[in-house]
Amino acid sequence: MKKLTLLFTLALSTLTHAWVIDGLGDYKFEAIADNTHIIHGPLGEPNKQNHGFMNNPGMVIGADGVIVIDPGGTYQVGQKVIEEIKKITDKPIVAAFNTHVHGDHWLGNQAILEQYPNAKIYAHPAMIAQAKDGEGDSWVSIMDTSTEGLSKGTIATYPTDATTHLQEIAVAGETFKIHNDITGVAHTNTDIMIEHVGSKTLFLGDNDLIHRFGRFDGTSDMHGNIKALEYAIDLGLDQYVPGHGPSGSTATAVQPFLDYLLIIQDETKKGYEEDLADYEIKPFADKKLANYRDWHGYDAQLGKHINKMLLEIEDRDN
Ligand SMILES: [Zn+2]
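The model shown is predicted, which means the values in this text are computed figures rather than measured ones. (Residues numbered from 1 in each chain as written. Predicted model: local features only at pLDDT ≥ 70, side-chain atom pairs only at ≥ 80, totals over all residues. Heavy atoms only, no water.)

Scanning the protein from terminus to terminus reveals 9 helices and 14 strands. Radius of gyration (C-alpha) of the protein: 20 Å, near the 20 Å computed for a compact globule of 318 residues. Projected onto the principal axes, the alpha-carbon positions of the protein cover approximately 60 × 55 × 35 Å. The 318 residues of the protein split such that 52% are buried. In the protein, the share of contacts with a sequence separation of at least 24, taken over all contacts with a separation of at least 6, comes to 69%. Roughly 14,100 Å² of accessible area belongs to the protein as shown, and the carbon and sulfur atoms make up 52% of that amount. Once the 25 positive and 45 negative side-chain charges of the protein are each reduced to a mean point, those two points are 5 Å apart. (Helix = DSSP H or I, 4+ residues; strand = E, 2+ residues; numbered from the N terminus. Rg over C-alpha atoms; globule rule 2.2 N^0.38 Å. Buried < 20%, exposed > 50% of the residue type's maximum accessible area, 1.4 Å probe, protein only. Contact = heavy atoms within 4.5 Å. Areas by Shrake-Rupley, 256 points an atom, 1.4 Å probe, with all protein chains shown as cover. Lys, Arg positive; Asp, Glu negative; His and termini not counted. Charge placed at Lys NZ, Arg CZ, Asp CG, Glu CD.)

Pasting the structure below:
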């Protein structure tokens, strides 16, 4: 019986040529609006099983070309994303956006520029500077190590064009509005959020995460991240695409992470006023966070998030 099921599954996947990642599932573009499609990637950290694919590549199909948002975390993943695009349209890729400097979102640029050398790739000017200044190479080696060599051949391929705040970019008959420098610093100091005007969709990068937590590293600001999410909600758009996790309305795809950050901020502030250490604050926060315990990375990140928030609160108090 098991064998039959397996054969059937194999036959089906051959028929549809799905992008199958063993043990994780099938990945393909899903339409969230008329000409706007997302592949919702696996939720883990980069590893051998997911081949370094764990983000949400997006595409918008314009009149005479395709625009890609965050083409994935390795050269090979970028190639897979392009294969999936070609299953839906034969229009060429004419532009791409990179939401921020973390390589799991943009190392796939290499595959785009290899096949479409005239495509323009847009990112925050600080993203381009940091990527060229070592972040790119460092992400290439993170991917090589974490995928145990599956990303071999990936070369940091940088965006070609720097964005500015509220810049409007018209390409292939579609208009994109860039939201950067909203709060200065949020998930990183290189974030842009990309609004596709036609479908009222906002691509938030890792300023927004759903069902998966990430690190707040040295270049991040949790207070700024809260402001960026409030700003995103105030835009009043129809579709919100997080950096990782399912897309949806503000209620399902933005508010949950904003509420998490507000609880962390609130509990940490209370703890700070009572002179508590981060590990003493943690149980109080955990009690309020029952809805988040099944998010990927909760146990690994909660203590670190409180520690980071405490540092920020201390910093603001001095
Ligand atoms: Zn990130």
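Another point: the coordination of the zinc ion. Coordination of the zinc ion by the protein involves His100 (NE2), His102 (ND1), His187 (NE2) and Asp206 (OD), with metal-donor separations of 2.2 Å. Taken together, the 4 donor atoms surrounding the zinc ion define angles of 87 to 168 degrees at the centre, an arrangement classified as irregular. Going along the chain, you hit the donors of the zinc ion in the pattern H-x1-H-x84-H-x18-D. On the basis of relative accessibility, which here comes to 0%, the residue His100 falls in the buried class. Using a relative accessible area of 10% as the deciding quantity, one classes His102 as buried. (Donors = N, O, S within 2.8 Å, 3.2 Å for Na, K, Ca; no water. Tetrahedral: all angles 85-135°; square planar, octahedral: opposite > 155°, others 65-115°.)

For the structure shown, the criterion picks out 12 salt bridges. Among the salt bridges present, the one from Glu83 reaches Lys80, with a minimum N-O distance of 3.7 Å. In this pair, Glu83 and Lys80 both sit in helix α2 (residues 75-88), 3 residues apart, roughly one turn of the helix. Assessed through its relative accessible area of 40%, Glu83 is described here as partly exposed. The closest approach of N and O atoms between Lys288 and Glu267, which form a salt bridge, is 2.8 Å. (Salt bridge = Lys/Arg side-chain N within 4 Å of Asp/Glu carboxyl O.)

Attention now moves to the packing of aromatic side chains. Overall, the coordinates contain 13 aromatic pairs when judged by the stated rule. Measuring from centroid to centroid gives 5.1 Å for Phe97 and Phe176, while their planes differ by 50 degrees, and the two rings are tilted. Here the residue Phe97 occupies a position in strand β7 (residues 93-97), and Phe176 occupies one in strand β11 (residues 174-180), the gap between them amounting to 79 residues. The burial state of Phe97 is the same as that of Phe176; both residues are buried. Among the aromatic residues, those joined into a cluster by ring pairs are Phe213, Phe257, Tyr260, Tyr292, Trp295 and Tyr298. (Phe/Tyr/Trp six-rings, centres within 6.5 Å; stacked < 30°, edge-to-face > 60°.)

The next point concerns the side chain of Glu84. Looking at where Glu84 falls in the secondary structure, it is placed in helix α2. According to the relative accessible area criterion, Glu84 is buried, its value standing at 5%. A polar atom in the side chain of Glu84 sits 2.6 Å from the side chain of Lys87. In this structure, Glu84 is in contact with His17, Trp19, Tyr27, Lys28, Phe29 and Ile39, ignoring residues within four places of it in sequence. (Polar contact = N/O pair within 3.5 Å; in protein donor to acceptor, adjacent residues only side chain to side chain.)

Attention now moves to the nonpolar core. Judged by nonpolar contacts, the single largest core of 33 residues is most densely connected at Tyr240, Phe257, Tyr260, Leu261, Ile264 and Leu289. Sorting the residues of this core by element identifies β13 (201-209), α5 (222-234), α7 (255-273), α8 (278-288) and α9 (298-317) as the ones contributing at least two each. Top contributing element to this core by residue count: α9, with 6 residues. The residues touching Phe257, leaving out its near neighbours within four places in the chain, are Asn207, Asp208, Leu209, Ile210, Phe213, Phe216, Asn225, Leu229 and Trp295. Judged by nonpolar contacts, the second largest core, of 23 residues, contains Ile39, Ile61, Val68 and Ala111. (Core = buried A, V, L, I, M, F, W, Y, C linked by side-chain atoms within 4.5 Å.)

Now for a negative patch on the surface. On the surface, a cluster of negative charge is contributed by Glu273, Glu274, Glu314, Asp315 and Asp317. When residues in the negative patch are grouped by element, the largest group, 3 residues, is from α9. On the secondary structure map, Asp317 appears in helix α9. (Patch = residues over 30% accessible without salt bridge, like charges linked within 9 Å, V, L, I, M, F, W, Y side chains within 5 Å.)

Turning next to unusual backbone geometry. The residue His51 is not glycine, and still its phi comes out positive at about 60 degrees. Relative to the helices and strands, His51 resides in the loop between β4 (36-38) and β5 (58-61).

Where burial is concerned, the two faces of strand β6 (residues 66-69) agree: the one with Val66 and Val68 and the one with Ile67 and Ile69 are both buried. Relative to β6, β5 runs antiparallel, the two being bridged by 4 bridges. Considered in β6, the bridge of Val60 is made with Ile67. Linking β5 to β6, which pair antiparallel, is a turn of 4 residues. The sheet contact formed by β6 and β7 spans 4 bridges and is parallel. Paired with Ile69 across the two strands is Phe97, which belongs to β7. (Pairing = 2+ DSSP bridges.)

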